[in-house]
Amino acid sequence: MTDAELMLASAAGDENAFSEIVSKFSNVLLNFFLRQGVSHADGQDLAQRTLLRLWRYRAKYRPTAKFTTFLFILARQESVDFFRAEGRRRNLMDGFERESAVRSDATPAALSFSGEGVRRAVARLEPAWRDVVELGFFQDLPYAEVAEILGIPVGTVKSRMFNALRKLRETLHER
């Protein structure tokens, strides 16, 4: 069954169909949230909340667009809610990261080009740029789908991606 068919079956009461969706997309959602700079525990929580929201919206789902578009719209809403509620936590984390970078034995160049350095650089992007990078680059979605998920024109997606990648290059090369 396709993802859309699984979703329609779950809306009709087939819990096994929804279990397949959960199995297929749990790690995809977790990676989506981890790339936004949240902890593993928070990422798991956000993935579960997104799947719970998907369960609640199962009867409202209509296969007018790709299922992943619908799923990532819900995931993005969870992300926005989380970052609004966790604004203070983010400020504390930034301070902690600066302090730990000073104490790190790793050279700045090694840190900046490691997976951790890239993750930190992406997490520091402004939210609009971070969302475009996450969906377009890490989730490998076409710009048209990113535009639909974010509710912005395709041209805006392209310009945000260009600016975000330029900023990431600058940030990584400064280190």
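Being a predicted model, the structure only gives us computed values, none of them experimental.

What follows is about the overall build of the protein chain. A tally of helices and strands in the protein chain yields ten helices and zero strands. Listed N to C, the secondary structure of the protein chain is α-α-α-α-α-α-α-α-α-α in terms of helices and strands. In the form shown here, the protein chain has an accessible surface area of approximately 9,800 Å², with 54% of it arising from carbon and sulfur atoms.

The final tally for this structure, using the stated rule, is nine salt bridges. A salt bridge links Asp3 to Lys24; the shortest N-O distance between them is 2.7 Å. Of this pair, Asp3 sits in helix H1 (residues 3-11) while Lys24 sits in helix H2 (residues 15-34), and the two are 21 residues apart along the sequence. Here Lys24 falls in the partly exposed class, since its relative accessible area comes to 48%. Arg166 is paired through a salt bridge with Glu170; the nearest N and O atoms lie 3.9 Å apart. Taken together, the positions of Arg166 and Glu170, both in helix H10 (residues 154-174) and four residues apart, correspond to about one turn of that helix. Here the salt bridges do not stand alone but share partners, grouping Asp45, Arg49, Arg53, Glu78 and Asp81 into one network.

With that settled, the discussion passes to the nonpolar core. In terms of nonpolar packing, the biggest core is built from 43 residues, with Ile21, Phe33, Leu54, Phe67 and Leu135 touching the most fellow members. Looking at which element gives the most residues to this core, the answer is helix H4 (residues 67-85), with eight residues. Contact partners of Leu54, with chain neighbours within four places excluded, come to Met7, Phe18, Ile21, Phe67, Phe70, Leu71 and Leu74.

The subject of this paragraph is the confidence of the model for the protein chain. Across the protein chain, pLDDT averages 82, with 82% of residues at or above 70. pLDDT under 50 marks residues 103-113. Its contacts with residues more than four places away, or in other chains, come to twelve contacts.

When you line up the elements, Glu15 lands in helix H2. On the basis of relative accessible area, Glu15 is assigned to the exposed category, the value being 56%. Each C-alpha atom of the pair Glu15 and Trp55 lies 9.8 Å from the other, and the pair is 40 residues apart in sequence.

Residues of helix H9 (residues 143-150) that are buried include every one of Glu145, Val146, Ala147, Ile149 and Leu150, and no others. At its buried positions, H9 is contacted by H4, helix H8 (127-138) and H10. In the segment just after H9, Gly151 is the residue with positive phi, at about 70°.

A few words on the packing of aromatic side chains. Tallying each qualifying case throughout the model produces seven aromatic pairs. By the ring-pair criterion, three or more aromatic residues cluster together here, those being Phe25, Tyr61, Phe67 and Phe70. Its guanidinium or amino end placed over the ring of Trp55, Arg58 lies 3.6 Å from that ring's centre, counting from NZ or CZ. It is Arg130 that lies over the ring of Phe83; its NZ or CZ is 4.8 Å from the centre.

Right, let's get into the side chain of Arg53. Relative to the elements of secondary structure, Arg53 occurs in helix H3 (residues 40-56). Since its relative accessible area comes to 16%, Arg53 is described here as buried. Among the polar contacts listed, one links the side chain of Arg53 to the side chain of Gln77, at a separation of 2.8 Å. A distance of 3.1 Å separates a polar atom in the side chain of Arg53 from a polar atom in the side chain of Glu78. Ignoring sequence-local partners within four residues, the contact set of Arg53 consists of Leu74, Gln77, Glu78 and Asp81.

Another aspect to go through is the environment of Leu141. Inspection of the secondary structure puts Leu141 in the loop between H8 and H9. Distance from Leu141 to Thr69, taken between C-alpha atoms, is 9.1 Å for residues 72 residues apart in sequence.

Thresholds applied
- Residues numbered from 1 in each chain as written.
- Predicted model: local features only at pLDDT ≥ 70, side-chain atom pairs only at ≥ 80, totals over all residues.
- Heavy atoms only, no water.
- Helix = DSSP H or I, 4+ residues; strand = E, 2+ residues; numbered from the N terminus.
- Areas by Shrake-Rupley, 256 points an atom, 1.4 Å probe, with all protein chains shown as cover.
- Salt bridge = Lys/Arg side-chain N within 4 Å of Asp/Glu carboxyl O.
- Buried < 20%, exposed > 50% of the residue type's maximum accessible area, 1.4 Å probe, protein only.
- Core = buried A, V, L, I, M, F, W, Y, C linked by side-chain atoms within 4.5 Å.
- Contact = heavy atoms within 4.5 Å.
- pLDDT = per-residue confidence, 0-100.
- Phe/Tyr/Trp six-rings, centres within 6.5 Å; stacked < 30°, edge-to-face > 60°.
- Lys NZ or Arg CZ within 6 Å of the ring centre and 35° of its normal.
- Polar contact = N/O pair within 3.5 Å; in protein donor to acceptor, adjacent residues only side chain to side chain.

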